[in-house]
Amino acid sequence: MYVAVKGGERAIENAHRLLAEERRGDPAVPELTLAQIDQQLAHAVDRVMTEGSLYDRELAALAVKQARGDLIEAIFLLRAYRTTLPRFGASEPVDTGEMVVRRRISATFKDIPGGQVLGPTFDYTHRLLDFTLAAEGAPVAAAEEAEQSVAAMPRVTDILGRDGLFEAETAEDDAPVGDVTRDPLEFPADRDLRLQVLARGDEGFLLALGYSTQRGYGNNHPFAGEIRLGEVDVEFVPEELGFPVELGEVTVTECQMVNQFKGSATMPPQFTRGYGLTFGHCERKAMSMALVDRALRARELGEEAAAPAQDEEFVLAHADNVQATGFVEHLKLPHYVDFQAELVMVRAMRDAAEQDNSRKVAAE
Amino acid sequence: MTERPILRVRGLTRLYGRTVACRNVSFDLWPGEVLGVVGESGAGKTTLLKCLSAQVEPTDGTIEYDTRADGLVDVFALSEPARRMLLRTDWGIVHQNPRDGLHMGVSAGGNVGERLMAVGARHYGNIRSEVLDWLDRVEIDTGRIDDRPDTFSGGMQQRVQIARNLISRPRLLFLDEPTGGLDVSVQARLLDLLRQLVASTGVAAIVVTHDLGVVRLLAHRLMVMRGGEVVEHGLTDQVLDDPQHAYSQLLVSSILQV
Amino acid sequence: MTSDETTAAFGAEHVAGYNFAYLDEQTKRMIRRAILKAIAIPGYQVPFGSREMPLPYGWGTGGIQVTASVIGPDDVLKVIDQGADDTTNAVSIRAFFAKTTGVATTERTAEATLIQTRHRIPETPLREGQVLIYQVPIPEPLRWLEPRESETRKMHALAEYGVMQVSLYEDIARYGRIAKAYNYPVRVHARYITSPSPIPKFDNPKMDRNPAIQLFGAGRERRIYAIPPYTAVESLDFDDYPFTVEQWPESCALCGATDSFLDEIVTNDKGGRMFICSDTDYCAGRRAENGEETAA
Ligand SMILES: Nc1ncnc2c1ncn2[C@@H]1O[C@H](COP(=O)(O)OP(=O)(O)OP(=O)(O)O)[C@@H](O)[C@H]1O
Ligand SMILES: [Mg+2]
């Protein structure tokens with residue numbers, strides 16, 4: 001007699017063992033340490049922290065290791081951990097104007113107070129495979145110690161803002177900042193929630209959308225006003241103290257896109273902002289986020305909003321890679337029952353069509 | 001005929017920023033009456049029609065509609081559900097672009113039958129026969145009932161739109177350039193058809209057009225707009241034969257010259 | 001399967017540092033409030049602050065959150081996928097709760113107090129006091145007709161359901177019948193059009209006036225909705241094209257049932273087929289009964 005596929009449980013258990021084995025790989029090869037991942041695959045850790053929305057290099061490195069380098073899987077792991085953490089409250093907004101800058105460039109002005117600081121970047125490297133890296137232990141030539149600027153570097157957008165050429169950023173209301181990981185997103189979404197979804201959004205998705213705006217699908221004439229990378233202090237006001245205490249510092253990348261705006265009945269012509277912010281060093285993501293943020297403001301600014309990147313519901317509903325990968329991959333789950341229902345339906349329809357045809361033939 | 005107008009408009013103004021789209025428009029529309037609105041491009045005709053049909057909120061002024069239950073009520077004082085209900089039962093809108101008025105992915109039959117189903121019709125056979133009847137009335141080959149409108153010509157699409165609206169027996173029809181973009185012979189047939197339908201159903205209508213030929217055929221009364229304002233208003237024949245305002249004269253003479 | 005066995009399969013170590021049923025109590029209270037609201041407005045989709053779960057979106061995160069919020073230590077949990085208790089995803093979810101709650105699990109529909117399901121309603125009729133929790137991928141029945149949430153919410157609020165009926169009309173015009181085999185839209189309590197989740201339409205009649213509480217959780221889409229006990233659930237149709245359910249030319253090859261949803265099993269590559277109950281508990285129960293009868 002036929003026995004329906006049983007033993008799902010044993011199969012799962014075995015699959016987990018296989019996975020663990022493959023994760024480790026050849027035992028003759030030394031095992032990766034979290035410190036190695038943190039130090040030498042730092043961009044992977046940065047991305048996992050950003051899209052996992054949890055700033056913890058060690059946990060992110062662990063997630064990268066556990067996920068065997070699959071970054072979306074690592075983001076998923078970090079998020080599933082994050083969701084269980086107790087919430088003490090929200091920090092004070094970090095002040096990127098007070099950032100200890102390691103990299104800072106502006107495409108809008110040749111020279112700016114504080115200067116351009118190239119910092120660690122792939123830009124201007126020739127993308128030639130460097131075979132010296134294949135050999136282990138080669139010493140690295142030390143970089144020249146940059147002259148540490150004592151005065152904080154003002155943000156380019158603040159400089160423009162002083163002349164009224166750049167829109168001021170003001171809170172829409174006094175409401176506390178929303179939290180997309182706690183509350184359902186409703187449309188139209190406020191800017192705080194929109195920026196959160198973008199910050200957590202998939203780098204590839206935002207990159208493609210940002211790119212599409214440059215190719216005529218919702219152009220908003222962007223200039224990279226400023227990109228800065230460095231460390232900022234995180235402060236928190238405990239209720240019982242009533243004044244901010246410093247919790248520590250985090251590395252962030254900020255991108256402010258400066259976009260043309262022709263003006264409307266209520267606003268004079270000026271430059272408008274597209275904003276991107278990430279944990280760690282995620283420049284591509286910060287830039288893409290800024291492009292998409294600005295594109296999503298089309299309606300607010302009275303611009304025509306016809307391109308995909310300007311479509312709030314489309315962008316926000318599909319930016320999250322953990323949601324997306326879950327739903328795409330759920331197609332692997334059994335759908336026997338629905339498929340059976342379809343089979344029965346299609347067979348019945350084919351029978352009806354056949355009878356129809358034979359009736360027609362008989363009539364002729 | 002009742003003593004009440006079906007639509008009473010007073011001081012209707014709509015601004016877009018500093019642009020005046022239409023200003024201080026007032027008129028009454030009587031049951032069964034067809035009002036033509038003419039004027040050059042940008043005169044504010046579409047804006048006026050969109051305000052009247054509750055698709056765009058006026059900056060100022062009132063629009064009252066003679067509801068079956070409560071008589072004249074301010075359209076914008078109605079709740080949104082009540083307004084949307086009016087839009088899909090008592091009123092009909094024929095859009096200038098059929099894409100705005102039809103579901104291009106749904107068959108002609110589905111398009112025409114939608115209003116019946118929206119108010120609770122649940123008998124497929126009855127819906128179907130009423131749809132067939134209306135396709136016939138707008139002179140569409142009933143054999144095309146299951147074809148999608150994007151396989152139809154522009155004139156046929158307009159006729160599907162008209163059938164889709166008239167099937168709910170509306171009391172008021174809004175038409176924006178119903179013959180725009182059609183060639184002359186198709187225009188003539190569509191106008192003829194509209195005239196018959198308006199006469200046989202007794203529906204009141206507001207027709208926006210820049211084509212004086214259309215209003216001469218369809219409209220009892222005529223409003224001439226320019227720069228957002230009504231510059232002349234009267235019986236169609238009077239306005240066309242003896243225009244008073246300089247702009248109406250220009251408009252009429254320019255047509256006659258052709 | 002007992003909870004002990006599942007725990008064994010997934011590592012016996014206790015999951016330290018997690019609350020009973022994984023979610024923290026505050027989150028559970030938030031979800032319970034959403035459930036209460038959903039029960040108060042049958043068929044209405046209540047937005048809720050869906051949490052990120054350690055299982056992927058689309059694999060039952062909504063159902064899991066609902067179950068986690070209503071489960072108590074005395075509950076007896078059954079989890080099915082495609083009607084069966086032993087499909088991998090059902091096993092995995094059951095193990096998750098066995099591990100995080102330690103409650104008793106069962107495969108018997110009649111013994112369960114909570115049943116979490118994907119794609120089926122058990123054949124054994126449910127009774128008062130039981131709770132059936134559906135995993136829902138897309139809670140919005142109008143989604144295929146109107147992709148915008150802002151518009152569909154308005155359509156529900158105003159009960160503007162013409163387009164849904166038009167889609168059924170289109171099926172009949174094109175295929176001579178309503179060609180929806182699963183996820184067949186229903187109207188709950190003569191008000192909201194609701195997605196039954198992707199159950200086959202065969203199961204739709206079981207939703208109607210069911211004595212159990214039916215809860216629906218959509219994690220990724222962040223919606224919860226409910227059908228309270230004994231609530232009218234009507235499958236949409238036309239008077240002259242009434243709703244019907246699928247029928248099989250055969251009966252179950254294992255238990256002989258003629259009234260259950262049958263899975264088709266391809267037995268060889270020469271067109272060999274057999275049909276067996278999709279509901280494994282129902283099938284096993286019938287076979288046990290039959291065995292007793294023949295033995296007696
Ligand atoms: N959505 C809008 N935003 C801003 N301005 C608008 C808008 N719609 C119309 N206008 C302006 O209002 C004025 C009237 O436009 P409207 O479309 O009503 O003209 P019209 O008479 O229908 O023209 P046409 O014959 O070309 O269709 C124009 O100046 C137009 O630019
Ligand atoms: Mg116009």
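Check the entry above for the structure.
On a predicted model such as this, the values are computed, not experimentally measured, just so you know. (Residues numbered from 1 in each chain as written. Chains lettered and ligands numbered in written order. Predicted model: local features only at pLDDT ≥ 70, side-chain atom pairs only at ≥ 80, totals over all residues. Heavy atoms only, no water.)

> Teacher, can you tell me more about the overall build of chain A here?
Counting its regular elements, chain A contains twelve helices and four strands. Here chain A has a C-alpha radius of gyration of 26 Å; the compact-globule value for 364 residues is 21 Å, and the former is much larger. Structurally, chain A occupies a C-alpha span of about 90 × 65 × 55 Å along its principal axes. Restricting to contacts in chain A with at least 6 residues of sequence separation, those with at least 24 account for 64%. Carbon and sulfur atoms make up 57% of the accessible area of chain A, which amounts to about 21,400 Å² in all. The centroid of the 37 positive side-chain charges in chain A is displaced by 6 Å from the centroid of its 62 negative side-chain charges. (Helix = DSSP H or I, 4+ residues; strand = E, 2+ residues; numbered from the N terminus. Rg over C-alpha atoms; globule rule 2.2 N^0.38 Å. Contact = heavy atoms within 4.5 Å. Areas by Shrake-Rupley, 256 points an atom, 1.4 Å probe, with all protein chains shown as cover. Lys, Arg positive; Asp, Glu negative; His and termini not counted. Charge placed at Lys NZ, Arg CZ, Asp CG, Glu CD.)

> Could you clarify how one ought to interpret the packing of helix H4 (residues 108-118) of chain B against helix H6 (residues 154-166) of chain B in this entry?
A packed helix pair is summarised by two numbers, namely the angle formed by the two axes and the spacing between the axes. Residue and element names in this part refer to chain B. Two numbers describe how H4 lies on H6: the axes approach to 7 Å, and their chain directions differ by 30°. Considered as vectors, H4 and H6 are oriented roughly parallel to each other. When the axes of H4 and H6 are compared, the crossing they make is right-handed. Together, Ala108, Asn111, Val112, Glu114 and Arg115 of H4 and Val160, Ala163, Arg164 and Asn165 of H6 make up the contact between the two elements. (Axes fitted to C-alpha atoms, helices over the stretch in contact; angles between N-to-C directions. Parallel < 35°, antiparallel > 145°, perpendicular 65-115°, else oblique. Left-handed = near helix turned anticlockwise from the far one by under 90°.)

> Mind showing me how you'd approach the site of ligand 1 here?
Residues and elements named next belong to chain B. Around ligand 1, the neighbouring residues are Tyr16, Thr19, Ala21, Glu40, Ser41, Gly42, Ala43, Gly44, Lys45, Thr46 and Thr47. Gly44 has a polar backbone atom sitting 2.9 Å from an oxygen atom of ligand 1. Within the side chain of Thr47, an N or O atom sits 2.5 Å from an oxygen atom of ligand 1. If ligand 1 stood free it would expose 630 Å²; the protein chains cover 60% of that surface. Across the shell around ligand 1, the residue classes break down as three nonpolar, six polar and two charged. (Near = heavy atom within 4 Å. Polar contact = N/O pair within 3.5 Å; in protein donor to acceptor, adjacent residues only side chain to side chain. Nonpolar A, V, L, I, M, F, W, Y, C, P; charged D, E, K, R; others polar.)

> How should the state of the cysteines be read in this particular structure?
Here a disulfide denotes one covalent bond, and it connects the sulfur atoms of two cysteines. Inspection of the entire model under this criterion finds zero disulfides over all chains. Unpaired in terms of disulfides, Cys51 of chain B finds its nearest cysteine sulfur in Cys22 of chain B, a separation of 5.0 Å. In this structure Cys51 of chain B comes out as buried when scored by relative accessible area, which is 0%. Between Cys283 of chain C, a cysteine without a disulfide, and Cys252 of chain C, which holds the nearest cysteine sulfur, the sulfur-to-sulfur distance is 3.8 Å. Classification of Cys283 of chain C by relative accessible area gives buried; the value is 2%. (Disulfide = S-S within 2.5 Å. Buried < 20%, exposed > 50% of the residue type's maximum accessible area, 1.4 Å probe, protein only.)

> It is not clear to me how the nonpolar core should be interpreted in this structure. Could you clarify?
In summary, soluble globular proteins display a tendency toward joint burial of nonpolar side chains. Ranked by internal contacts, the top residues of the largest apolar core, which has 95 residues, are Val112 and Ile162 of chain B together with Tyr169, Ile224 and Phe238 of chain C. Looking at this core element by element, the count peaks at seven residues for helix H6 (residues 162-175) of chain C. Once residues within four sequence positions are removed from consideration, Ile224 of chain C is found in contact with Ile31, Ala34, Ile35, Ala38, Tyr44, Gln45, Val46, Phe48, Val66, Phe216 and Gly217 of chain C. By size, the runner-up hydrophobic cluster in this structure holds 30 residues, among which are Leu48, Val56, Trp91 and Met223 of chain B. (Core = buried A, V, L, I, M, F, W, Y, C linked by side-chain atoms within 4.5 Å.)

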